[in-house]
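Architecture at a glance
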Amino acid sequence: MANFMQQPVLQLYSFSQHALANNEIKKAIDSCRLLNTDFPEFFDGWWLAGCIHLHLNKPEAGLISTARALAIKPNDATILIQRIDFLSILNRHKDVADCLENLAGQQSLSADLHGQIALMLSAERMHDDAIQHYLSALKEEPNNPSLLYNLAAAYRFTGNLVAAEANLDRCLAINYTDADAQGMRSSLRTYSATDNHIDELLAAYADQTLSQRSKSGICYALSKEFDDLGDTKKSFEYLKIGSDIRRDAMTYNVGADETIIKTIVTVFNDSFFKRSTQGHTSAEPIFIVGLPRTGTTLLERILDSHSAIQSAGELETFGTEVTKLCAVNSESPTTALSLIDQSSAVDMQVLGERYLENARPTEMNGRYFIDKLPFNFLYAGLIHKALPNAKIINLTRHPIAACYAIYKQAFRDIYPFSYNLDDLAQYYLAYSQLMVHWNKQMPGVIHLVAYEDLVADTENEVAKVLDFCGVDWESNCLKFYDNPSPSTTASASQVRRPVYTGSVDRWKAYREQLGVLENRLVQGGINID
């Protein structure tokens, strides 16, 4: 009799699930609604309702379905994961954190669930908890290369580079052509003539099954290790092959970015800055801006070591809130150029409020927080108008050193100008012109820090930055390498050691290969002496 009674439940469930899988949404909704009406205690029915709500992007309804499921099975990991998706859409960060705290403590789950939870914890910078879930997953699947790679990444973020390398070794023993794993392992430390992975990398490079994208990643790893060995010819040879592969796969036009920057200069002109506006008075945010690979992470770690300052990481919040406000005020589709014009007319008080609501860390451990998204230099004018008491710090570096550091970094789907020296020169010139414009329009607002000065005279430069931020000197700032906070940027390995000056003039060993870059910069009026 029990099995007979279960048949209608399972039939409805199967029918609705099949309809959803085949994108027959009305059938899926109707059958799932009937299922949950007739069998409200059937747990899987509410989970399926959540899947439908997620497909339809209806987070409020999703919170109802997940609440019903959790009433049947409290603290169920699958439902909590689903609920986090809905809460994230609604920007309910505190509730997301509460769900994650619940998930962080759960044990004896499947390897798949442990892996999912670990990824979500890592996304929220809860890397120590993520590591425990990866380890639990690996107990079930010890030879899963994705789990090994993700565990290594979490160890790298938390500064345990030895454990990171050990897990990458295990991962690469399973598949030595894994370009991401090879690239991360090569970045962890400096290699020598007797301790390197050149032979394995060359074998991977020659593997006929390697995709072009993976081949590019192997090239970056080869370039890094040949550079460690002082073989600049081979280092640049593989660097160019790898970057050319990445660039050839793109439809990117640096001219479009140049037009965007020129439009920003035009729109945010004298009249904009003379306009009377009322921004939010909070002094909490500290924006660290500049091109990537110019020392932004180093300064972030130094400031994050101060008791009054907490890093929130690289946030896309400001640009996101600008876009949202412009969408509300526009009836037509927004383009990048029209967005710039529209953004100059948004309510600065509202923009400041919305930024703070969504950027401020859930648990503030100090009076100030750092937003270290380098590209926020594009919004410097808006930032100052919306948050006139916020601090903006711009990191600079010798022009060729900065461009070379960007060029040799294999970024993950960002900074498309970084894979070609001509593109790099053109973008650098546009960036430089924009910063000249901001400093002219907002004299004294943006504090300038040169990377070369920061590493050569760290204590003095840090003292100037702390004074600019309005906080007292703390010696802990000079011991930033002992800071246990996670770092998820391309410099995650470098910031775990004391200040070093070895990279300041490294570009000079490649001056001949970088000749086209140097010529373009000089022609554009950049002083490289």
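Presented here is an overview of the structure given in this document. By convention here, each chain's residues receive numbers from 1 onward along its written sequence. A pLDDT threshold of at least 70 governs which residues receive local features in this predicted model, and a stricter bar of 80 or more applies before side-chain atom pairs are shown or counted, although totals over entire chains, interfaces and linings include all residues. The side-chain values count all of the structure's non-hydrogen atoms but skip hydrogen atoms and water molecules.

Focus: the overall build of the protein chain
- Tallying secondary structure elements over the protein chain gives 26 helices and 5 strands in all.
- Taking 529 residues into account, the globule formula puts the C-alpha radius of gyration at 24 Å, and the protein chain, at 26 Å, falls close to it.
- The rule is simple: take the accessible area with a 1.4 Å probe, protein chains only, and divide by the maximum for that residue type; under 20% is buried, over 50% is exposed, in between is partly exposed. A buried classification covers 51% of the 529 residues belonging to the protein chain.
- Considering only contacts within the protein chain whose residues lie at least 6 apart along the sequence, 70% involve residues at least 24 apart.
- Accessible surface computed for the protein chain: about 24,400 Å², of which carbon and sulfur atoms make up 50%.
- Put simply, the protein chain has 47 plus and 64 minus side-chain charges, and the middle of one group is 2 Å from the middle of the other. Per the convention used, a helix needs a DSSP run of H or I reaching at least four residues, while a strand needs a run of E reaching at least two, with both numbered from the N terminus. Radius of gyration: over C-alpha atoms. The globule rule applied is 2.2 Å multiplied by the number of residues raised to the 0.38 power. We call two residues in contact whenever any of their non-hydrogen atoms come within 4.5 Å of each other. Values of accessible area rely on a 1.4 Å probe in the Shrake-Rupley scheme; residue burial ignores everything except the protein chains shown. His is not counted here, nor are the chain ends, while Lys and Arg score as positive and Asp and Glu score as negative. A charge is said to be at NZ when it belongs to Lys, at CZ for Arg, at CG for Asp and at CD for Glu.

Details of the pattern of salt bridges
- Salt bridges are identified by distance alone: a Lys or Arg side-chain nitrogen within 4 Å of an Asp or Glu carboxyl oxygen. Overall, the coordinates contain 21 salt bridges when judged by the stated rule.
- The partner of Glu321 in a salt bridge is Lys324, and the shortest N-O contact between them spans 3.6 Å. In this pair, Glu321 and Lys324 are both assigned in helix H18 (residues 317-329), 3 residues apart and thus about one turn of the helix distant.
- Glu321 sits in the buried class, given a relative accessible area of 4%.
- Within the structure, one salt-bridge network assembled from shared partners comprises Lys26, Asp30 and Arg33.

Examining the pairing of strand E1 (residues 285-289)
- Among the 5 residues that make up E1, 5 are buried, leaving the element largely enclosed by the rest of the structure.
- The alternating pattern of E1 places Pro285, Phe287 and Val289 on one face and Ile286 and Ile288 on the opposite face, and all of these are buried.
- Any two strands are treated as partners once DSSP identifies two or more bridges connecting them. For E1 and strand E3 (residues 368-371), the ladder comprises 3 bridges, and the chain directions are parallel. Counted as the bridge partner of Phe287 is Asp371 from E3.
- Pairing of E1 with strand E4 (residues 391-396) involves 4 bridges; the strand directions are parallel. Within E4, the position partnered with Val289 by the bridge is Asn394.

Some points on the side chain of Ser65
- With respect to the element layout, Ser65 can be found in helix H4 (residues 59-72).
- If sequence neighbours within four positions are ignored, Ser65 has contacts with Trp46, Ala49, Gly50 and His53.

Concerning the sheet that holds strand E2 (residues 309-311)
- Spatially, 5 strands are ordered E2-E3-E1-E4-E5 in an open sheet, and the strand pairing comes out parallel. Of all strands in the sheet, those bounded by a partner on one side alone are E2 and strand E5 (446-450). Each adjacent strand pair in this sheet contributes to an overall mean axis angle of 25°, direction not counted.
- The angle between two axes is taken between their N-to-C directions and runs from 0 to 180 degrees, where each axis is a line fitted to C-alpha atoms and a helix contributes only its stretch in contact. Contacting E1, E2, E3 and E4, helix H17 (residues 296-304) crosses the sheet at an angle of about 155° to E1.

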